[in-house]
Amino acid sequence: MHAIVVTEPGGPDALRYRRMPDPVPGPGEVLVRTRAIGVNYRDVYVRRGEYPAELPVPGLEGAGEVVAAGEGAEVAVGDRVAWGYGRAGYAELVAVPADQCVPVPDGIDWQVAGGALLQGMTAHYLLESVYRPTPEDAVLIHAGAGGMGQLLVQWAAARGARVITTVSTDEKEKLAREAGAWQVLRYGDDLAEHVRELTGGEGVSAVYDGVGAATFEASLASLRPRGTLALFGSASGRVPPFDLQRLAELGSLLVTRPVLPHFLRTRAEVRWRADEVFGAIADNTLRIRFGGTYALSEAAQAHRAIESRATTGSLVLLPD
Ligand code: NDP
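Per-chain numbering applies: the sequence of each chain, read as written, is numbered from 1 onward. For this predicted model, a pLDDT threshold of at least 70 governs which residues receive local features, and a threshold of 80 or more governs which side-chain atom pairs are given and counted, while totals over whole chains, interfaces and linings are taken from all residues.

1. Regarding the overall build of the protein
Note the threshold: To qualify as a helix, a DSSP run of H or I must reach at least 4 residues; to qualify as a strand, a run of E must reach at least 2; elements of each kind are numbered from the N terminus. Between the two quantities, the radius of gyration covers C-alpha atoms and the globule rule is 2.2 Å times the number of residues to the power 0.38. Every C-beta atom is placed from the backbone, and the number of other C-beta atoms within 10 Å of a residue's own sets its class: buried at 20 or more, exposed at 12 or fewer, partly exposed in between. Each residue is represented by a C-beta atom placed from its backbone, and any two residues with such atoms within 7 Å are regarded as in contact.
Tallying secondary structure elements over the protein gives 10 helices and 15 strands in all. At 20 Å, the protein has a C-alpha radius of gyration in line with the 20 Å of a compact globule built from 320 residues. Principal axes of the C-alpha set define a box for the protein whose edges measure 60 × 40 × 35 Å. Per-residue burial for the protein yields a buried fraction of 49% across its 320 residues. Taking all contacts inside the protein whose residues are at least 6 apart in sequence as the whole, residues at least 24 apart take part in 66%.

2. Here's the deal with the site of the ligand
Applicable threshold: Nearness is defined per residue: the C-beta atom, placed using the backbone, must lie within 6 Å of the molecule or strand. Ten residue types, Ala, Val, Leu, Ile, Met, Phe, Trp, Tyr, Cys and Pro, are classed as nonpolar, four, Asp, Glu, Lys and Arg, as charged, and the remainder, Gly among them, as polar.
Every one of the 29 residues lining the ligand counts as a neighbour, but G146, G147, S168, G210 and G233 are closest to it. Among the elements of the structure, α1 (41-47), α3 (117-130) and α4 (147-158) are those that each provide at least two residues to the shell around the ligand. In terms of residue class, the shell around the ligand is made up of 14 nonpolar, 12 polar and three charged.

3. Remarks on the environment of R265
Position of R265 among the secondary structure elements: in the loop between β13 (254-256) and α9 (267-282). A C-alpha to C-alpha distance of 9.8 Å links R265 and Q100, two positions 165 residues apart in sequence.

4. Some words on the sheet that holds strand β11 (residues 204-209)
Here is the rule we go by: Pairing between two strands is assigned when DSSP locates at least 2 bridges connecting them. Think of each axis as a best-fit line through the C-alpha atoms, taken over the contacting stretch in the case of a helix, with angles from 0 to 180 degrees between the N-to-C directions.
Here we have six strands laid out as an open sheet, ordered β10-β9-β8-β11-β12-β13, and parallel in their pairing. Here the strands that pair on one side only, and so sit at the sheet edges, are β10 (183-186) and β13. Between one strand and the next, the sheet's axes are offset by a mean angle of 15°, whatever the strand orientation.

5. Considering the packing of α3 against α9
The description of two helices packed together rests on the angle between their axes and the distance between the axes. Convention followed: Angles are sorted into four bins: roughly parallel if under 35 degrees, roughly antiparallel if over 145, roughly perpendicular if 65 to 115, and oblique for all others.
The geometry of α3 relative to α9 is characterised by a closest axis approach of 9 Å and an angle of 105° between their N-to-C directions. On the basis of the axis angle, α3 is roughly perpendicular to α9. Contact residues: α3 offers L117, G120, M121, H124 and Y125, while α9 offers R273, A274, E276 and V277. Its residues assigned to classes, the contact of α3 with α9 shows five nonpolar, two polar and two charged.

6. What about the nonpolar core?
Put simply, the rule is: By definition, a nonpolar core groups buried Ala, Val, Leu, Ile, Met, Phe, Trp, Tyr and Cys residues that connect through C-beta atoms lying within 7 Å of each other. An automatic or database domain assignment supplies the residue ranges for each domain.
V139, L152 and A156 are the most contacted members of the largest nonpolar core, which totals 100 residues. Here this core gets seven residues from one element, more than from any other, and that element is α4. The two domains that each donate at least three residues to this core are domain 1 (2-116 + 288-318) and domain 2 (122-260). Once residues within four sequence positions are removed from consideration, L152 is found in contact with A123, L126, L127, I141 and Y208.

7. Description of helix α10 (residues 299-307)
Our working rule: Think of it as the arc spanned by the lines of direction from the helix axis to the C-beta atoms.
Looking only at α10, the buried set comprises A299, A302, H303 and I306. Down the axis, α10 shows its buried residues gathered within 100° of arc, on one side only. Against the buried residues of α10 lie β1 (2-5), β3 (29-39), α1, β14 (290-295) and β15 (314-318).

8. With respect to the domain arrangement of the protein
For the protein, the assigned domains are domain 1 (2-116 + 288-318) and domain 2 (122-260). Facing eight residues of domain 1, the contacting portion of domain 2 comprises 10 residues.

9. As for unusual backbone geometry
Working note: non-glycine residues mostly have negative phi, and peptide bonds are mostly trans. We note that A143 has phi near 55°; this positive angle belongs to a residue other than glycine. Relative to the elements of secondary structure, A143 occurs in the loop between β8 (138-141) and α4. For A143, a count of 29 C-beta atoms within 10 Å corresponds to the buried category. At R226, a position not held by glycine, the phi torsion is positive, near 65°. Within the secondary structure, R226 sits in strand β12 (residues 223-231).

As structure tokens, then:
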């Protein structure tokens, strides 16, 4: 089979298209011929060597047809399956833990199946299990035109919350508004001040921050007393070490640094989140907007695009 391989961590050119031996599914795994593979910001951190354990083949998300099932696997040969947290994903064949695979419902095409679950299930746990916004709440969601951002904005707005979001350009502002944002702001020193003005001085109930170093201080300063900061990513770099005493001074704030696998701990949890994502796509609560599709061999181009900050929406690799 062909796969994208990283032998030395580095820039996008570290992603090389190579022939590799076909993976062999172990107990509880299934072998899947991929039809669409999601590209996520997390894959950039992996390629750079910031999550070294998963190489040589990066990627976690995809969809395809089961071609072989190991002992104990729940799914059968021929099933259409998708996963948001598998492994070794940038490849024509992938051995995926069967307990992470969910059936792809009729009406969901390969591109959506392969590119929606990782971000969709992340949006689900952030809005369902970290802080659940209601119509009483104003919330701040950073990078509202990005892959995660558009999903969070749509879903939080559908729950009736007033969504304030940040973007870097006019084009992105338009997309964030289309997704349902109530107010769209630019990043900058006076961001928290604007958030306070918009909330009558109170601040927001929760901030969903996947930008990290560049926004962390403004995120804290935008919260109401006992507000929640869900720091779920670091697209601009990691947040430096932090004195917990400041949380008391800022208003008994809650800060968490969640990651998807801790919210997919049981088979029931995987099915619940994936079914709700596919259900929200089917009833148009979530519209998946693709920021680009690339051949598997063009993975480096996809990484360049996402890192250049130019993309708006999910990116997908399509094997030949
Ligand atoms: P995006 O499509 O959102 O791309 C990142 C966006 O961040 C950019 O488009 C840009 O939007 C904004 N940004 C702000 N500052 C920078 C910077 N210095 N460099 C690059 N981008 C910047 O990516 P994803 O939707 O794939 O991921 C968003 C975040 O969510 C990432 O941090 C990712 O790691 C995280 N994530 C976390 C998960 C978890 O479970 N914890 C799971 C999935 C994703 P703009 O130009 O408008 O500012």
